Amino acid sequence: MKHDIRSIFANFNIPGDFVSASPHGNGHINDTYAITCDQGASRLRYIIQRVNHNVFKDAASVMKNTARICRHSRDKLREEGIRDTTRRTLTLVPTNNGADWFVDASGNHWRCFLFIERARSYDIIENTGQAYEAARTFGTFTRLLADLPGERLVEVIPNFHNTRKRYENFQKTLAADSLNRATKVKAEIAFLQQRETDCSVVVDAIAQGKVPERVTHNDTKLNNILLDDYSQQGLCVIDLDTAMPGSALYDFGDMVRSATTPTSEDETDLARVVCRQEYFEALARGYLDALGDTLNTEEKHLLAFSGKLLTLEVGMRFLTDYLAGDTYFKIAHPEHNLERCRNQFALVASIERQLDAMNALVEKLLH
Ligand code: ADP
Ligand code: GN1
Ligand code: MG
């Protein structure tokens, strides 16, 4: 393991004895460990995570946002009479000094959450019930946070989903082409350039006041939600680092990207990378069931398009990272980012072929 988790663990106010730690999950960003400890003759697990400060330059603000969101969601769930709140929202374990996180001698920010047992996240979706539940749960997340008191949450990564700015960044990285990789990816570059105007659609709608700001999660891929092992109910939204002011379209679009295809982002057999209408329908039903009364007409009309946009955006980010030399996303082999880009662009093409039908489906659900 990269880190001495036993000594990190000692900084959190946990009465039990440390038993073991192991790397956990398939996230692309943070270092996540599952810890087992012995507490009153029970084995209890915790999640300890190092915030990636290469990605999140202001890790303290990430932690302040996370703590406010966890507490407010818990309070709201209690108000609504929900009993198992420690499974329905993340719960931070305080440090020995009563703080929400701990900074080690090298400047790493560490946090500890209660481990949510008998639940799991999925990299690949298995049925439409899971799609419905994921969308309903992410929609509920935004609903619960609509009255978050206090200051606006910090925008921990400014312009995170500003697709036009992402495109400008791609252009700059392409112009620099510091590793001479551009000749290898001509087809992907052309695919993206043909869709440049798409990148401005949501940004412009926000600037014109047609699409409102909401507290959104901004990273709603399927593996950032836990589903209950037995009931398959959507239980808890996790990975709150990018939860900040955003648009419902970012959250819905990223679900279309990650929960309509039968494949993972790593799938290289591109014939298998397709958007499935019945999964899209389940997502739309779930999201509208949670948030339908809140979303305005423009948001509703852009739901299907948002799926295309967010898939294009993430594909563009993988391509940009490939051109830049793989400095952002964790990779397992040299062509990993390029493969992921090809996968995402195949999904964009599949969504494009079905966009009229998807729009018609949303219309049908609205009436
Ligand atoms: P990353 O930002 O790197 O994606 P995540 O916060 O999503 O990190 O965590 C990685 C994985 O760890 C998740 O996909 C999930 O499977 C698991 N996980 C995270 N938090 C918890 C928790 N509190 N209880 C159980 N599993 C968790
Ligand atoms: C990253 O942290 P993780 O693995 O849930 C990324 C998302 C991308 C996603 C693509 C902070 O999400 O924006 O959509 O990879 N998170 C950040 O898999 O950049
Ligand atoms: Mg994650």
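In the block above lies the structure referred to throughout.
Here, residues in each chain are numbered from 1, in the same order as that chain's written sequence. A letter from A marks each chain and a number from 1 marks each ligand, given out in the order of writing. With the structure being a predicted model, the display of local features is reserved for residues of pLDDT at least 70 and the display and counting of side-chain atom pairs for 80 or more, all residues being used for whole-chain, interface and lining totals. Side-chain descriptors were evaluated using all non-hydrogen atoms of the structure, hydrogens and water having been removed beforehand.

Trainee: Before we move on, can you summarise the site of ligand 2 with the specific residues and values?
Mentor: Near ligand 2 lie 17 residues; those nearest to it are H28, K221, E265, R317 and Y328. Contacts described as polar in this section are N or O atom pairs within 3.5 Å, which, within protein, must combine one atom able to donate a hydrogen with one able to accept it, while residues neighboring in sequence count only if both atoms come from side chains. In this structure, D239 approaches ligand 2 through a side-chain N or O atom, which is 3.0 Å from an oxygen atom. In the model, an oxygen atom of ligand 2 is placed 3.5 Å from a nitrogen or oxygen of the R257 side chain. Here ligand 2 has 440 Å² of accessible area as a free molecule, and 98% of this is covered by the chains. When at least one non-hydrogen atom of a residue lies within 4 Å of a molecule or strand, that residue is treated as near it. The protein chains shown are the only cover counted for residues, whose accessible areas, like all others here, come from Shrake-Rupley with a 1.4 Å probe.

Trainee: Help me get a handle on the sheet that holds strand β4 (residues 102–103), residues and values and all.
Mentor: Note on pairing: DSSP must find at least two bridges between two strands before they are called paired. Runs of E in the DSSP output that reach at least two residues are strands. Runs of H or I that reach at least four are helices, and both are numbered from the N terminus. As summarised here, the arrangement of the five strands in space is β1-β2-β3-β5-β4, forming an open sheet in which the pairing is antiparallel. Looking at strand neighbours, the two that pair on one side only are β1 (17–23) and β4, the edges of this open sheet.

Trainee: Tell me about the site of ligand 1, and name the residues and values.
Mentor: Around ligand 1 there are 19 residues in total, and N30, Q49, I116, S121 and D239 lie nearest to it. Between ligand 1 and N30 there is a distance of 2.9 Å, counted from an oxygen atom to a backbone nitrogen or oxygen. Protein contact buries 95% of the 550 Å² of open area that ligand 1 shows by itself. Those elements that place two or more of their residues in the shell around ligand 1 are β3 (42–50) and β5 (109–114). Each residue gets one of three labels, nonpolar for Ala, Val, Leu, Ile, Met, Phe, Trp, Tyr, Cys and Pro, charged for Asp, Glu, Lys and Arg, and polar for the others, Gly among them. Partitioned by chemical class, the residues of the shell around ligand 1 number eight nonpolar, ten polar and one charged. Each domain span listed reflects an automatic or database assignment of domains. Structurally, the shell around ligand 1 is a two-domain feature, drawing no fewer than three residues from each of domain 1 (5–117) and domain 2 (128–366).

Trainee: Could you give an account of the pattern of salt bridges, naming the residues involved and the relevant values?
Mentor: The salt bridge definition used is simple: a Lys or Arg side-chain nitrogen within 4 Å of an Asp or Glu carboxyl oxygen. Under the defined criterion, the tally for this structure stands at 27 salt bridges. Ionic pairing is found between E352 and R195, a salt bridge with its closest N-O pair at 2.7 Å. Of this pair, E352 sits in helix α12 (residues 336–366) while R195 sits in the loop between α6 (186–193) and α7 (201–207), and the two are 157 residues apart along the sequence. One salt bridge in this structure joins R214 and E299, with 2.8 Å as the shortest N-O distance. Taken together, the residues span a long stretch of sequence, with R214 in strand β7 (residues 214–216) and E299 in helix α10 (residues 297–301) at a distance of 85 residues. With respect to class, R214 is no different from E299; both count as buried. One network of salt bridges, with partners in common, ties together K2, D31, R50 and K330. Accessibility here uses a 1.4 Å probe with only protein chains present; expressed as a share of the type maximum, an area under 20% marks a residue as buried, one over 50% as exposed, and anything in between as partly exposed.

Trainee: Give a description of the packing of helix α8 (residues 248–259) against helix α11 (residues 303–324) that names residues and reports values.
Mentor: Here, axes are lines fitted to C-alpha atoms. For helices the fit covers the stretch in contact, and angles between N-to-C directions go from 0 to 180 degrees. Here α8 crosses α11 at 70°, and the two axes come no closer than 7 Å. As summarised for this structure, α8 and α11 are arranged roughly perpendicular, according to the angle between their axes. Residues L249, Y250, F252, G253, D254, V256 and R257 of α8 pack against L303, S306, G307, L310, T311 and V314 of α11. A breakdown of the residues in the contact of α8 with α11 according to their chemical character gives seven nonpolar, four polar and two charged. Here roughly perpendicular refers to angles of 65 to 115 degrees, roughly parallel to angles under 35, roughly antiparallel to angles over 145, and oblique to all remaining angles. Every residue pair with non-hydrogen atoms within 4.5 Å of one another is taken to be in contact.

Trainee: An account of the coordination of the magnesium ion (ligand 3) is needed here, citing residue identities and associated values.
Mentor: Ideal coordination angles are 109.5 degrees for a metal with four donors arranged tetrahedrally and 90 or 180 degrees for a metal with six donors arranged octahedrally. The magnesium ion (ligand 3) binds to the protein through N224 (OD1) and D239 (OD); the donor distances cover 2.2 Å. Here D239 lies in the loop between β9 (234–237) and β10 (244–246) and N224 lies in the loop between β7 and β8 (225–228), a separation of 15 residues in the sequence. Taking relative accessible area as the criterion, N224 reaches 4% and is therefore assigned buried. Using a relative accessible area of 24% as the deciding quantity, one classes D239 as partly exposed. Any N, O or S atom lying within 2.8 Å of the metal counts as a donor, with the limit raised to 3.2 Å for Na, K and Ca; because water is left out of the atom set, some sites can appear incomplete.

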